[in-house]
Amino acid sequence: MKRAVSSIRSRDVAHLAAAATAPSPAAAEAWDGRFRLHKPRGQHLLTNPRVLDAIVRRAALRPGDAVLEVGPGTGNLTVRLLESPAARVSAVEIDPRMVDAVTARVDALGLAHKLTVIRADAVEAEFPEFDVCVANIPYGISSPLIAKLLFGPYRFRAATLLLQKEFARRLVAAPGDSEYNRLAANVRMVADARLLMDVSKRDFVPMPKVDSSLVEIRPRAAEPNVDLAEWLAFTRSCFGQKNKTLGAIFKQKRKVLELFRRSRCAEERCDGNANAGGGSRLIALGGGDDDGDMSDGDSNEGHDGAPSFSEEEVAVFKAKIAGALETCELAGKRPSKLSNDELLRLLKLLNEQGVRFQ
Ligand SMILES: C[S@@+](CC[C@H](N)C(=O)[O-])C[C@H]1O[C@@H](n2cnc3c(N)ncnc32)[C@H](O)[C@@H]1O
């Protein structure tokens, strides 16, 4: 029978708590039909107690830590975090039924004084200050959430996140690996990421189609020596067609024209950079469907307040790009094989030539 979505009964709360202490296959059966979980919201609850304990152990919480949890669901991980040495947990949850469930469960355990539940979309919400983020997140928001953590205003020690296994592999990939991509290049610019362990899809209720991996992301203390918005826009440009050489990528008429427009606008401070990747609140890191080429058409007519320009001007600009590629000997290289230092050198040379990406 269909359950109302607005509230949850107390016997469900007891059941939810039990689910995380029973072995997962039994829990999966017990769950069936009791509480309608929405797959589009990524509501696959982690019910294997050994995995839940391992996540908290691997997060290496310290006394006094403020923990951020994204998507507490019914609280299977939350209660373990609250029982850890951490001082407090702030949990951001979008589904009001889950907010009720985790609140009631934590209340019943006498741990409510350590928990703040924020009912909000974690991609949109402003997070309170935190030392560590520990979460089994909805996989649909992996990329924007990691972007928000690493490129937003937050200063924290580490994020220990359960992610879709393939996404996790892409996140920790190194230059030259077949999975290396824009997401990994962007994360590497500001943080160290490593795999901690794999988690079977059988440890979730309902069972998802994919396996998962636990990943640790540690932001580096030192700020990188680059304008991050410019870097994000640059990698978007490079990795849009990651199997092409940089020479081929930056020879394309459409790309050259778009870069010309942006560079002109940056110089003249007009409003032609509305599509820049780094400036928006929702930062795109890559790793999903956002690795597309910059392409706003190939006309050289002025728009967005940008001046129009001549063929000759564009030809000079194109030659500057080719010159920068030649100087750093990267024209024949594919972006997915290059280290961030090599890409940074190219970006600096291009910037020196007046080529801007944001
Ligand atoms: C994979 S479940 C994890 C639940 C729980 N942490 C566990 O391990 O059993 C993801 C949770 O995130 C919530 N969620 C989905 N999208 C969200 C969003 N944009 N912001 C905050 N929470 C979200 C879902 O309602 C669900 O409770």
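Residues numbered from 1 in each chain as written. Predicted model: local features only at pLDDT ≥ 70, side-chain atom pairs only at ≥ 80, totals over all residues. Heavy atoms only, no water.

A. Expanded view of the pattern of salt bridges. Considering all chains together, one arrives at 13 salt bridges under this definition. Taking the shortest distance from any N to any O, the salt bridge between aspartate 53 and arginine 80 comes out at 2.8 Å. Of this pair, aspartate 53 sits in helix α3 (residues 49-58) while arginine 80 is found in helix α4 (residues 76-83), placing the two residues 27 residues apart along the sequence. Residue class for aspartate 53 comes out partly exposed when judged on its relative accessible area of 38%. Since its relative accessible area comes to 14%, arginine 80 is described here as buried. Here arginine 262 makes a salt bridge to glutamate 258, at a shortest N to O gap of 2.7 Å. Here the residue arginine 262 and the residue glutamate 258 both occupy positions in helix α11 (residues 253-268), the gap between them amounting to four residues, near one helical turn. This pair shows no difference in class: arginine 262 is buried, exactly as glutamate 258 is. Sharing partners across several salt bridges, the network here consists of Arg194, Glu216 and Arg218. (Salt bridge = Lys/Arg side-chain N within 4 Å of Asp/Glu carboxyl O. Helix = DSSP H or I, 4+ residues; strand = E, 2+ residues; numbered from the N terminus. Buried < 20%, exposed > 50% of the residue type's maximum accessible area, 1.4 Å probe, protein only.)

B. Here's a closer look at helix α7 (residues 165-172). Turning to α7, its buried residues number three or more, namely Phe167, Ala168 and Leu171. On an axial view of α7, the arc spanned by its buried residues comes to 100°, and they lie on one face. Next to the buried residues of α7 lie α6 (142-151), β6 (158-164), α8 (182-190), β7 (191-199) and β9 (212-219). (Arc of directions from axis to C-beta. Contact = heavy atoms within 4.5 Å.)

C. Focus on the site of the ligand. In the neighbourhood of the ligand, 23 residues make up the surrounding shell, with Gln43, Gly71, Glu93, Ala122 and Asn136 lying closest. Glutamine 43 has a polar side-chain atom sitting 2.8 Å from an oxygen atom of the ligand. Within the contact set of the ligand, an oxygen atom lies 2.6 Å away from a side-chain nitrogen or oxygen of glutamate 93. Protein contact buries 97% of the 600 Å² of open area that the ligand shows by itself. (Near = heavy atom within 4 Å. Polar contact = N/O pair within 3.5 Å; in protein donor to acceptor, adjacent residues only side chain to side chain. Areas by Shrake-Rupley, 256 points an atom, 1.4 Å probe, with all protein chains shown as cover.)

D. Seen up close, the packing of α4 against helix α5 (residues 96-108). Where α4 meets α5, the closest approach of the two axes is 10 Å, and the angle between their N-to-C directions is 35°. Crossing hand, α4 versus α5: right-handed. Across from Asn76, Thr78, Val79 and Leu82 in α4, the residues of α5 making contact are Val102, Arg105 and Val106. For the contact of α4 with α5, the per-class residue count stands at four nonpolar, two polar and one charged. (Axes fitted to C-alpha atoms, helices over the stretch in contact; angles between N-to-C directions. Left-handed = near helix turned anticlockwise from the far one by under 90°. Nonpolar A, V, L, I, M, F, W, Y, C, P; charged D, E, K, R; others polar.)

E. Local environment of the domain arrangement of the chain. Taken domain by domain, the chain consists of domain 1 (2-219) and domain 2 (228-352). On the domain 2 side, the residues contacting the 23 residues of domain 1 number 22 residues. Each partner contributes to the roughly 1900 Å² buried at the junction of domain 1 and domain 2, and carbon and sulfur atoms together form 57% of this total. Summed over the shared surface of domain 1 and domain 2, the result is six residue pairs in polar contact (both at pLDDT 80 or more). Looking at the side of domain 1 that touches domain 2, the elements with two or more residues in it are α6, α7 and α8. A total of eight residues in the side of domain 1 that touches domain 2 trace back to one element, the largest contributor, which is α8. (Domains from an automatic or database assignment. Buried area = accessible area lost by both parts, 1.4 Å probe.)

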